[in-house]
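Topology and contacts: notes
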Amino acid sequence: MTNDVVLHVKGRVLAGPEDVRDELWVVGGRVTYDRPLGAAAADVRTVTGWALPGLVDAHCHVGLDAHGAVDEATSEKQALTDRDAGTLLIRDAGSPADTRWIDDREDLPKIIRAGRHIARTRRYIRNYAHEIEPADLVAYVAREAGRGDGWVKLVGDWLDREKGDLGACWPRAEVEAAIAEAHRLGARVTAHCFAEESLRDLVEAGIDCVEHATGLTEETIPLFAERGVAIVPTLVNIATFPRLAAGGEAKFPRWADHMRRLHERRYDTVRAAYDAGVPVFVGTDAGGSLAHGLVAAEVAELVKAGIPPLDALSATAWGARAWLGRPALEEGAPADLVVYEEDPRADVRVLAAPRRVVLRGRVVG
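These lines cover the structure that appears in this document, whether it is placed above or below.

1. As for the environment of E264
The topology assignment puts E264 in helix α8 (residues 253-264). Sequence separation between E264 and V44 is 220 residues, and the spatial gap between their C-alpha atoms is 52 Å.

So this is what it looks like as structure tokens:
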């Protein structure tokens, strides 16, 4: 289908959490709620069902596997897997691969990049990040702010081999200077954080988002809420903590015990953050060692944690798009949408089976 063909979406269009329309039209690749004049029946393709804005995976890694950067063919397969699951907007939370070529592909999801991870020397997964010392943090943040699409990704904590447990990676002063520099350059900053130790310094230094955030406590949750710092819990990834702990227990028993405790309280942590007013968004941590196409599973995990289904949907649809500065299904927006057989508000598990995927006005799946 080309953009010369008018697409008619009938049934129920979820333009917003409570804004339900009977139909929309796609003309020239864009959404309109006004019936187009002069379109012959032969030029109109009709799709029926429940339509949502294209889903958002706000923590995804296209161009990355367990060993580092991958080739373009593998990156393409990853992006297609996400697309076919209904993910049409990705915030790529760190990748060593250059995936700019994807921007020229009309059939692949749109990507908002955070550049390459910035980590402390020998304090992250090999071949993933720039591994540097604190004196270089500001310079590297400026570099990745220029390479990304308005985001920079820090590794806020990781295994400290000397103490045998998770530990903060950066001194407070360097973090403050680096975040200030990113903001000066117009970029937001997020950080990988499993544990408790680094959170207060990062939030008080002005960070915009924290990934995973399993270390949130009753002391730090109010600080996140007060500052409006978002979290992307990646619960489908946190589910792997027991396996990781078992693999490292012989060498790092304190770390293994810590990882298990973070895993055990994961749902309580997410629900407490949500109840306090902390913004929560959907991210799968696809790439690395985790499969792509898990957005529906992550939404279901948020519901299991106690987030109401409509808010869990918003965390991958209307709310997530607003947070990232991208339109949903308003008049004139690019026609990126997913159509389902049933109402996903009634049961978020519906998201696992898209009926049609429409990207830039074209039916692609």
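2. Details of the packing of helix α2 (residues 137-147) against helix α3 (residues 172-184)
Two numbers describe how α2 lies on α3: the axes approach to 9 Å, and their chain directions differ by 25°. Regarding the angle of α2 to α3, the classification is roughly parallel. The handedness of the crossing between α2 and α3 is right-handed. Taken together, the residues of α3 that come into contact with α2 (itself represented by L137, V138, V141 and A142) are E174, V175, A177, A178, E181 and A182. For the contact of α2 with α3, the class distribution of residues is 8 nonpolar, no polar and 2 charged.

3. Describing unusual backbone geometry
For N127, which is not glycine, the phi torsion reads 75° and is therefore positive. Summarising the element assignment, N127 is placed in the loop between β10 (118-120) and β11 (130-132). Despite not being glycine, A213 shows a phi value in the positive range, around 60°. Looking at the element boundaries, A213 is found in the loop between β16 (209-212) and α5 (221-227). By relative accessible area, A213 is classed as buried at 1%.

4. Details of a positive patch on the surface
A surface patch of like charges, here positive, comprises R122, R126, R161 and K251. Within the secondary structure, R126 sits in the loop between β10 and β11.

5. Re the packing of aromatic side chains
The tally for this structure, following the rule as stated, stands at 6 aromatic pairs. A ring pair is formed by F194 and F241, whose centres lie 4.8 Å apart and whose planes are at 70°; its orientation type is edge-to-face. One end of the pair, F194, is in the loop between β15 (188-193) and α4 (199-204); the other, F241, is in helix α7 (residues 241-248), and 47 residues separate them in sequence. Note on F194: relative accessible area 7%, which makes it buried. When the ring of F281 is compared with that of W323, the centres are 4.2 Å apart and the planes differ by 10°; the resulting orientation is stacked. Placement of the pair is F281 in the loop between α9 (266-276) and α10 (295-304) and W323 in helix α12 (residues 318-323), with a sequence separation of 42 residues. Accessibility assignment for this pair places F281 and W323 in one class, buried. Note that R91 overlies the ring of W151, its terminal NZ or CZ placed 4.6 Å from the centroid.

6. Brief notes about α7
Residues of α7 that are buried include every one of F241, A245 and G248, and no others. On an axial view of α7, the arc spanned by its buried residues comes to 75°, and they lie on one face. Residues of α7 that are exposed and point more than 90 degrees away from the buried face comprise R243, A246 and G247. Buried-residue contacts for α7 involve α6 (235-238) and α8.

7. Remarks on the sheet that holds strand β8 (residues 87-92)
Across the sheet, 3 strands lie side by side as β5-β8-β9; this open sheet has parallel pairing. Both outer strands of the open sheet, β5 (55-60) and β9 (110-113), are each paired with one neighbouring strand and no more. Going across the sheet, the axis of each strand differs from the next one's by a mean of 20°, ignoring polarity. By the bridge criterion, 4 bridges tie β8 to β9 in an arrangement that is parallel. If you follow I90 over to β9, its bridge partner there is I111.

Calculation notes
- Residues numbered from 1 in each chain as written.
- Predicted model: local features only at pLDDT ≥ 70, side-chain atom pairs only at ≥ 80, totals over all residues.
- Heavy atoms only, no water.
- Helix = DSSP H or I, 4+ residues; strand = E, 2+ residues; numbered from the N terminus.
- Axes fitted to C-alpha atoms, helices over the stretch in contact; angles between N-to-C directions.
- Parallel < 35°, antiparallel > 145°, perpendicular 65-115°, else oblique.
- Left-handed = near helix turned anticlockwise from the far one by under 90°.
- Contact = heavy atoms within 4.5 Å.
- Nonpolar A, V, L, I, M, F, W, Y, C, P; charged D, E, K, R; others polar.
- Buried < 20%, exposed > 50% of the residue type's maximum accessible area, 1.4 Å probe, protein only.
- Patch = residues over 30% accessible without salt bridge, like charges linked within 9 Å, V, L, I, M, F, W, Y side chains within 5 Å.
- Areas by Shrake-Rupley, 256 points an atom, 1.4 Å probe, with all protein chains shown as cover.
- Salt bridge = Lys/Arg side-chain N within 4 Å of Asp/Glu carboxyl O.
- Lys, Arg positive; Asp, Glu negative; His and termini not counted.
- Charge placed at Lys NZ, Arg CZ, Asp CG, Glu CD.
- Phe/Tyr/Trp six-rings, centres within 6.5 Å; stacked < 30°, edge-to-face > 60°.
- Lys NZ or Arg CZ within 6 Å of the ring centre and 35° of its normal.
- Arc of directions from axis to C-beta.
- Pairing = 2+ DSSP bridges.

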